[in-house]
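# A look at the structure
Each chain, letter by letter, is given below.
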Amino acid sequence: MESLRLEVMEYEKAESEKLYEEKLYRSLAVTAEAGVYIIKDGIFRFVNQFTASRLGCNPSELIGKRAVDFVHPDDREAVAKKASDMLRGKRTLPYEFRTIGKDGAVHWILESVSPIEFGAGRAVLGQSMDITKQVDSRTQLARLEALEASILESIPHAVIGLKNRQIIFANDGVEKVFGWKRAEVIGKSTRIFYRSKKEWAEGADNLYRSLETQKTFSAEVIRKKKDGTRIICRLTASRIGDALVERQVVITYEDITDQKAAEEVYMTMAESSQVGVYVVHDGTFHYINPIGAAYAGYRVDELIGMSSMLLVHPDDRELVARRAKVMLRGKAKTPHVFRILTKDGQDRWIMETVTPIRFRGKKAILGNSMDITEQKEAQSKLAELEALEASILESIPHAVIGLRDRKVFFANDGVEKVFGWRPKELIGQSTRALYRCEDDFEVITKLLYSTLERRRTFTAEYPCRRKDGAEIQCMISAARIGEQLKQQSIVITFENITYRKQFEKEIELSRGRLRDLSMHLQTVREKERTRIARELHDELGQLLTALNTGIILLKKKIPPEQTHLFERTKSMKDLIDMTMQTVKRIYMDLRPGMLDHLGLPVAMDWQCQEFQKRTGIQCTVDVEPEDMEPNKDASITVFRILQETLTNVAKHSKATRVNVSLREVEDDLELVVTDNGRGIREEELQKPKSFGLLGIRERVDFRGGEVKIAGKKGKGTTVTVRMPNWKGGEA
C-alpha cells in the first residue's frame, strides 16, 4: 500500500486528471481480496470491486455517494473519531465497525485510513478487510465456553480433566463424591482417590492402555474419599481428541456405593421371595414377573416412537447408516457429521457418536449428538473445545436439557432414556410435559428460577412423568449459563432414581416384615419356654419329689445289717437330688419363675449370681430404684438382652469383671452392661452372622428403643439399651 501511495503522488503531478484516475484504478483494482477506496469531502471518489460487493453495489453505483451512509448508525460516531485520530497520527492500529449494504446485509470491517493528495486536493485512502467470520467465531467461542462451564456444574457427579496424569480442571461434584474441594485437587494426580500406590499404578495404566485403542472407557471401581472412606464408583472416561495426546482425558466418577448395596440386597431377596422382580432397560422391561408388573403398574409392551432415521436428511441417510455400523463394530472412533430435518423443515448440522454398551447384562446402543451448525463455521478455531464438549456429553448417563426463556433449545439422547421423549420433540417446548400436572410444573419452576437468581446451582428430588404417563422420581440438578440469569438460560440434568427409591422401599418393607416375624417367633418361643418350664416344675418336679419321699421311707425300713441295700438306696436318693437340681436349672433357664413372681430386679440379680458361679467372672448389679416394676414385655426383653450380653462376655471378651445397671432415665428404661475385656472391634459389630447382636437390635427396634454397642481396645465393651413405654400393664 505504501507503493500505491507513492504512485498516487506521482500521478498527481500529471497534467491530465482523467489519465491519472484511469491509471490509479488499474493499479488498485488488482487488490481483489481487500477493500480499497478513496474518499474526498466525505464522498466516494473511487471504490474497488471487493468493497462494492460487500456493500451490495457495483463500483460505479458508489461513486458520488456519502461514505457515512454505509456505516451502521450505532457505529458512526466512533468511526468518525477513530478515523480522525488515525489521519492525525494519533492512532496506528486498525479499528472495527459494522457496515450496512444496499441489500441490508451487515458486515464487520477492519479499516485503516491514510491522507493522500488526489485531484489537486486532500483526500483519504481507505483500506479494509471483511472480518465478519472472525467476529462470529469469537462470539460463538464465548457462548460455548459459558455453556461448557454450565454443563460441568450441572453434572451431579465428579468430573475431572487430566493432562499427563495431572488434574487440570474439576467440577463441584468432586466435593460431593470425594470430599475434596475443586481447588484442592487442581494440579494433583489422581493418586489421592486411590487406597494405595500400587492400586493407583495398576488402575491408571489400565485406563490409559484402554484409551489408546478406544475413545471411551467404563468400569466399576473402588476408590476412597478424603476422610479415607471406601466407596464404589462408576468410572466413565473419554480421551480429548482423536488420539491420546499428552494423555488428555475427561473422567466422570459416579458414587454408586448405596446403589450397589441396595441392588445386592434386592437381588438376594428376589431369588427367594414371592415379591415383584423386574429390570428396565432403556424404557423397556428387561425382566419382569407378574407380581412386579402389578406392583409397579407398568405394561410389558411400551409405545414405540418413530424411527430415528426419519429425522435424518434424505440425502444423508445412507451415509449415516454406514458410518454408524462402522462405529458400532469398533472400526471407527471419531464422531460423524450429518444434517437433520427439524419439525418446521429446516436443516441443522449434527455431530454424533454411537457406542455399543451392556446395560444390566443386555446389549444396547448409546448415542450422543450435538448441534454444530454455528460451530461448523468456526471449526478451525473451535476444534479443541468441541472435542472436550463432546467428551463431556458422552460421559453423562442422564437427561440433559438447555432452557432459554423457559423453552428447550437443546437436549441430549438421555432425554429419551429417562422420559421416553425424543430430543427433537422437546426442542422449542417448555418442560411442562416432564411433570405430572400444572401445579407441579409451577412449583418446581418457581423454586428453580428463584434459587438460581441467588446461587449458581440447584439440586432437588422431585416427581416427574414419562411420555407414556408413568410416574418416576428424579434427582434434578441445574446451573445457570453465565454469571447471571440472563434470558433465564439454564442447563438441567434429570437423573431417574425411581429404581433406587423402589429398592429402598422394598428393603424397608422387607425389614419390617422380618422384624415382625422375628418378634412373633420370639413371643412364641417365650410362651413355649414358659409352658415347658411349668410342666417341668409342676409335673416332673412333683414326680421326682414323690420318688424322693418314697426312697427316704424305703431307706428307713432297711435293716441295719443290710448295708448293701442301704448304700444302694442312698445312691438312688443322691441321683434323684441331682436330677431335681438339673430340672430346676433347666426350667430356671427356660423361664425363671422369679421374673414373673418377684420382678425384673430380683431376676437380674439371680442371673448375675448364676453367671458368676458358672464362669468365675465377678458380676455386680445396680438397680435404681430397687422397687421398679417394668411391664411384662419390657421385663422379658431386658432379661433376654442381659442373658445374651453375658453369654457374649463369657465367650469372647476375656473379661474378669462385669457391671450391670438398670435405671430410669428421662422416662426411658436404661440397661447398661460394661466389662473390662479386650473390647469389641468394629468389624465384629458389622459381621452379618452375629446373630446374638442382631437379636438384641431386633428386640430393641421392635419396642421403639435404641441400642449402642461400643468397644475400646484393651478397655472393654459397653452395651447400652434404652426403651420407652416400659411402665405398667402390657407394652
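Residues numbered from 1 in each chain as written. Predicted model: local features only at pLDDT ≥ 70, side-chain atom pairs only at ≥ 80, totals over all residues. Heavy atoms only, no water.

Turning our attention to the nonpolar core. What tends to happen in soluble globular proteins is that the nonpolar side chains get buried as a cluster. M604, V638, V658, V660, L662, L671 and V721 are the most contacted members of the largest nonpolar core, which totals 35 residues. Among the secondary structure elements, those contributing two or more residues to this core are α21 (600-615), β21 (618-624), α22 (632-653), β22 (657-665), β23 (668-675), α24 (691-702), β24 (706-712) and β25 (716-723). Per-element tally for this core: the top contributor is α22, with 7 residues. When neighbours within four sequence positions are excluded, V721 is seen to be in contact with I641, L669, E670, L671, V700, E706 and V707. (Core = buried A, V, L, I, M, F, W, Y, C linked by side-chain atoms within 4.5 Å. Buried < 20%, exposed > 50% of the residue type's maximum accessible area, 1.4 Å probe, protein only. Helix = DSSP H or I, 4+ residues; strand = E, 2+ residues; numbered from the N terminus. Contact = heavy atoms within 4.5 Å.)

Quick look at the confidence of the model for the protein chain now. Averaged over the protein chain, the pLDDT score is 78; the fraction of residues at 70 or greater is 75%. Considering only residues more than four positions removed or in separate chains, one finds that residues 291-298, a stretch of pLDDT under 50, has 16 contacts. (pLDDT = per-residue confidence, 0-100.)

With 12 residues, helix α12 (residues 317-328) extends 17 Å between its outermost C-alpha atoms, agreeing within 8% with the 16 Å of an ideal straight helix rising 1.5 Å per residue. Along α12, the residues classified as buried are V320, A324 and M327. Mapping the buried residues of α12 onto a view down its axis gives an arc of 65°, with all of them on the same face. For α12, the exposed residues lying more than 90 degrees away from the buried face are E318 and K325. One or two residues past the end of α12 sits G330, with phi positive at roughly 80°. (Expected span 1.5 Å × (residues − 1). Arc of directions from axis to C-beta.)

A word on the packing of aromatic side chains. Under the counting rule described, the total for this entry stands at 11 aromatic pairs. Judged by centre distance (4.1 Å) and plane angle (15°), the ring pair of F178 and F193 falls under stacked. With F178 in helix α7 (residues 173-178) and F193 in the loop between α8 (182-185) and α9 (197-213), the pair connects residues that are 15 residues apart, well separated along the chain. Accessibility assignment for this pair places F178 and F193 in one class, buried. Ring geometry for Y435 versus Y462: centroids 6.1 Å apart, planes at 75°, classification edge-to-face. With Y435 in the loop between α16 (423-426) and α17 (438-454) and Y462 in strand β18 (residues 457-465), the pair connects residues that are 27 residues apart, well separated along the chain. Accessibility classification places Y435 together with Y462 in one group, the buried group. Grouped by ring-pair contacts, the aromatic residues Y37, F44 and F70 constitute a single cluster. The positively charged end of R404 is found above the aromatic ring belonging to F409, 4.1 Å away from the centroid. Here the basic side chain of K467 rests over the ring of W421, its NZ or CZ set 5.3 Å away from the ring centre. (Phe/Tyr/Trp six-rings, centres within 6.5 Å; stacked < 30°, edge-to-face > 60°. Lys NZ or Arg CZ within 6 Å of the ring centre and 35° of its normal.)

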